[in-house]
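# Chain and residue survey
What follows is the residue order along each chain.
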Amino acid sequence: MVTKKPPAKVAPVKRRTPRPKAEQTINVSVAAPASKPEAKKDDSALGKVIGLIEWVDNPFKLFTVILLSFLFFAGYFAWDSRQVILHAITTQDKMPQLAKQENLLAPARSLLKDVDGIVLLIHKANLSTNSRTTVLALNVDGSREKAIEGSITSLFNASSDRNGAMVAMLNGEILCEEFKPSSKVGEWGVKQGVKFMCRGSIPPDMGKFAGYVAIGFKDKPEDIAALKTRINLAATDMSED
């Protein structure tokens, strides 16, 4: 009888757990791009103009530039003509007065006919309030345009043409030039065909300014010197001492 031997015991095999490898950190440095050299700023007048044009890239900036330009021009004009304007304002109470409306009609109609004008306007001036009142408006046939009479606008405004004419008249001069309207009264003149206008102080003496007369023409008259003499004669009859 054969006796079976019990199976041999096998010792358990211990498995080693692999250790995690340490993470390796690789530092990669990225070189910064080389900075471009700054462009030199052009401080010349042309460079500043070009810079301003490049800066104006929307309607708001354009409006800002236009507004600042207007304020600069108005300030320069007021400073350049300060003595003439200041003298006229301080002597406002001593200024002669316009003749009454019924006394203005005869010399105004005679002037309009003699110089072949198509409209005539007489404005009463108030330098203290920078205003003018249209006291008489005549059509080419001498009839009154009552819808225009009584209109009140400023003496000095944004129009360089009107401002130049005002200073000229304060100095006792008559200014004749191409006409550009700057008020509703001026727009009425354009509708009548006015392309050229002469303005003269009432009375015509330097330093005396009660108002002024304006005569509109379709075309520039040939003899401007004779025209100015005729305006001065009429302006003398349009004031009261």
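Rules used in this analysis
- Residues numbered from 1 in each chain as written.
- Predicted model: local features only at pLDDT ≥ 70, side-chain atom pairs only at ≥ 80, totals over all residues.
- Heavy atoms only, no water.
- Phe/Tyr/Trp six-rings, centres within 6.5 Å; stacked < 30°, edge-to-face > 60°.
- Buried < 20%, exposed > 50% of the residue type's maximum accessible area, 1.4 Å probe, protein only.
- Helix = DSSP H or I, 4+ residues; strand = E, 2+ residues; numbered from the N terminus.
- Polar contact = N/O pair within 3.5 Å; in protein donor to acceptor, adjacent residues only side chain to side chain.
- Core = buried A, V, L, I, M, F, W, Y, C linked by side-chain atoms within 4.5 Å.
- Salt bridge = Lys/Arg side-chain N within 4 Å of Asp/Glu carboxyl O.
- 1 Å grid on protein atoms, 1.4 Å probe; cavity = no way out; pocket = protein on both sides within 12 Å on 5 of 7 lines; lining within 4 Å.
- Points joined across faces, edges and corners; volume = space filled by probe spheres on them.

Next up on the list: the packing of aromatic side chains. Under the definition given, this model contains one aromatic pair. Considering the side-chain rings of Phe209 and Tyr212, the 6.4 Å spacing of their centres and the 15° angle between planes classify their relative orientation as stacked. Here the two residues Phe209 and Tyr212 agree in accessibility, since each one is buried.

As for its position among the elements, Thr229 is in helix α7 (residues 224–237). On a C-alpha basis, the gap between Thr229 and Ile174 in space is 9.3 Å, while along the polypeptide they are 55 residues apart. Side-chain polar atoms of Thr229 contact the backbone oxygen of Ala225, separated by 3.1 Å.

Another aspect to go through is unusual backbone geometry. Between Ile202 and the following residue, Pro203, the backbone shows a cis peptide bond with an omega angle of -10°. By secondary structure assignment, the location of Pro203 is in the loop between β6 (196–202) and β7 (211–217). Even without glycine at this site, Asn130 takes up a positive phi of about 50°. Position of Asn130 relative to the elements: it lies in the loop between β2 (119–126) and β3 (131–138).

Attention now goes to the nonpolar core. Membership of the largest hydrophobic core comes to 28 residues, with the highest contact counts inside it found for Leu111, Leu120, Ile122, Val213, Ile215 and Met238. Put simply, the parts of the chain that give this core at least two residues each are α4 (101–114), β2, β3, β5 (174–178), β6, β7 and α7. In terms of nonpolar packing, the next biggest core, distinct from the first, is built from 21 residues, Leu127, Val185, Val194 and Met197 among them.

Attention shifts here to the pattern of salt bridges. Per the counting criterion, the structure on display carries three salt bridges. For the salt bridge of Glu149 with Arg144, the shortest nitrogen-to-oxygen distance reads 2.7 Å. By relative accessible area, which is 28% here, Arg144 ends up partly exposed. For Glu177, the salt bridge identified is with Arg199, shortest N-O distance 3.2 Å. Placement of Glu177 in strand β5 and of Arg199 in strand β6 is noted, with a sequence separation of 22 residues between them. We note that Glu177, like Arg199, is buried.

Let's shift gears to empty space enclosed by the protein. In total, this model carries one cavity of 30 Å³ or more according to the counting rule given. Size it by volume and the largest cavity reaches roughly 140 Å³. Taken together, 17 residues make up the lining of the largest cavity; nearest its centre are Arg132, Phe179, Gly186, Met197 and Arg199. Every element with two or more residues in the lining of the largest cavity is listed here: β2, α6 (184–191), β6 and β7.

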